[in-house]
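# Structural description and commentary
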Amino acid sequence: MQKRTNRLVGCVKINPYDFGAIQELISLLVKRENGTAVGQSSSVQVSGKRIFISHSSKDVKCVSMFVNQILSLGIGISLDDIFCTSIEDLGIKNGEDIRKHIQDNIRCAEYSFLMISDNYKASEICINEMGAVWAYDAKVRLYMLPGATVDKIGWLCDTRQAQNLSDPVALDQLYNEMRSHFSITTDNFGHWSRIREEFVKSVV
């Protein structure tokens, strides 16, 4: 067994390929922020968004369309339930602790979306977010952005596990799953079909 020698001194550095280290780090950070020692329980509750979107800021145009057209207008999810750093009003507010805010929202998310692209793979921040998302074990949805040539990334050793963001069938599956999870009962499939078709044409 390889001996782990990394220590947490001041600045925290995450190895995105070391799953055990990520889990251990998150556990320690949560206990420290809640003011409890390791091994003790805490009743402190952290509020956060219900959906976390991990993406590269260079893909903000495509991701913004996905959030606004698919999640909000099409499916009917409130923007108040979505955390997306690159979209104004859905990310981090001025003066907030960036690392803690992102951590809280990953921790509390019921669903996490990983928006995979060449830009995503090239971003150390995105890879670290990816590792944290897997460690918290929320429901993770993987989407390949149009034009992506990535074949493997982090724990995602085979990107064939990811669905294409421009695939109408994948979007219909998301529509049904999200509406069931968020208890959205209004009948608007005709509206959804038009939104989905416009989105697919826009991102291809």
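Only a predicted model underlies this, so the values are computations on that prediction, with no experimental measurement involved.

Within the protein chain, the secondary structure is distributed over 7 helices and 5 strands. Every one of the 204 residues in the protein chain was classed for burial, and the buried ones make up 44%. If you take every contact in the protein chain between residues at least 6 apart in sequence, the share linking residues at least 24 apart comes to 67%. With the model as given, the accessible surface of the protein chain reaches about 11,500 Å², and the carbon-plus-sulfur share is 49%.

For the rest of this paragraph, the subject is the nonpolar core. Counting 29 residues, the largest nonpolar core has Ile53, Phe66, Ile75 and Phe113 as the members making the most contacts within it. Of all the secondary structure elements, the ones that give two or more residues to this core are β1 (51–54), α2 (60–75), β3 (111–116), α6 (168–181) and α7 (189–203). A total of 8 residues in this core trace back to one element, the largest contributor, which is α2. Not counting residues within four places of it along the chain, the set of residues in contact with Ile75 comprises Ile70, Leu174, Tyr175, Met178, Arg179, Ile184 and Trp192. If you look at the next biggest cluster of nonpolar residues, it comprises 20 residues, including Leu114, Met130, Val140 and Leu142.

Our next topic: the packing of aromatic side chains. Applying the stated criterion to the full structure yields 7 aromatic pairs. Pairing Phe52 with Phe83 gives two aromatic rings, centres 5.5 Å apart and planes at 15°, and the pair type is stacked. Taken together, the positions of Phe52 in strand β1 and Phe83 in strand β2 (residues 82–83) put the pair 31 residues apart, joining distant regions of the chain. Judged on exposure class, the residue Phe52 and its partner Phe83 are both buried. By the ring-pair criterion, three or more aromatic residues cluster together here, those being Phe66, Phe113, Tyr143 and Phe199.

What follows concerns the pairing of β3. On a regular strand, each side chain points to the face opposite its neighbour's, so the side chains alternate between the two faces of the sheet. The buried fraction of β3 amounts to 6 of the 6 residues, a majority that puts the element mostly inside the structure. Burial of the side chains of β3 extends over both faces: Tyr111, Phe113 and Met115 are buried on one face and Ser112, Leu114 and Ile116 on the other. Looking at chain direction, β1 and β3 are connected through 4 bridges and run parallel. Counterpart to Ser54 in the pairing with β3 is Leu114.

Bringing helix α5 (residues 124–136) into the picture now. Taking 1.5 Å of rise per residue, 13 residues should cover 18 Å, and α5 covers 19 Å from first to last C-alpha, within 8% of that figure. Among all positions of α5, only Cys126, Ile127, Asn128, Glu129, Met130, Gly131, Ala132, Val133 and Ala135 are buried.

To continue, consider the environment of Ile51. Structurally, the position occupied by Ile51 is in strand β1. For the pair Ile51 and Tyr111, spaced 60 residues apart in the sequence, the C-alpha separation amounts to 5.0 Å. For Ile51, the residues in contact, after removing those within four places along its chain, are Ile77, Asp81, Ile82, Phe83, Ala109, Tyr111, Phe113, Met178 and Phe182.

Below, the discussion takes up the sheet that holds β1. Strands sit in the order β2-β1-β3-β4-β5 across an open sheet of 5 strands; the sheet is parallel. The two strands at the open ends of the sheet, each matched to only one other strand, are β2 and β5 (163–164). Here 2 bridges tie strand β4 (residues 139–144) to β5, and the two strands are oriented parallel to one another. Within β5, the residue paired with Met144 across the bridge is Asn164. The strands touched by α2 within the sheet are β1, β2 and β3, with β3 carrying the most contacts at an inclination of about 140°. The strands touched by α6 are β1, β3, β4 and β5; relative to β3, the strand with the most contacts, the crossing angle is about 160°.

Here the structure, examined in full by the defined rule, presents 4 salt bridges. A salt bridge links Arg50 to Glu110, with the nearest nitrogen and oxygen atoms 2.7 Å apart. In this pair, Arg50 is assigned in the loop between α1 (19–33) and β1 and Glu110 in the loop between α3 (98–108) and β3, connecting sequence segments 60 residues apart. For Arg50, a relative accessible area of 27% gives the class partly exposed.

Criteria and thresholds
- Residues numbered from 1 in each chain as written.
- Predicted model: local features only at pLDDT ≥ 70, side-chain atom pairs only at ≥ 80, totals over all residues.
- Heavy atoms only, no water.
- Helix = DSSP H or I, 4+ residues; strand = E, 2+ residues; numbered from the N terminus.
- Buried < 20%, exposed > 50% of the residue type's maximum accessible area, 1.4 Å probe, protein only.
- Contact = heavy atoms within 4.5 Å.
- Areas by Shrake-Rupley, 256 points an atom, 1.4 Å probe, with all protein chains shown as cover.
- Core = buried A, V, L, I, M, F, W, Y, C linked by side-chain atoms within 4.5 Å.
- Phe/Tyr/Trp six-rings, centres within 6.5 Å; stacked < 30°, edge-to-face > 60°.
- Pairing = 2+ DSSP bridges.
- Expected span 1.5 Å × (residues − 1).
- Axes fitted to C-alpha atoms, helices over the stretch in contact; angles between N-to-C directions.
- Salt bridge = Lys/Arg side-chain N within 4 Å of Asp/Glu carboxyl O.

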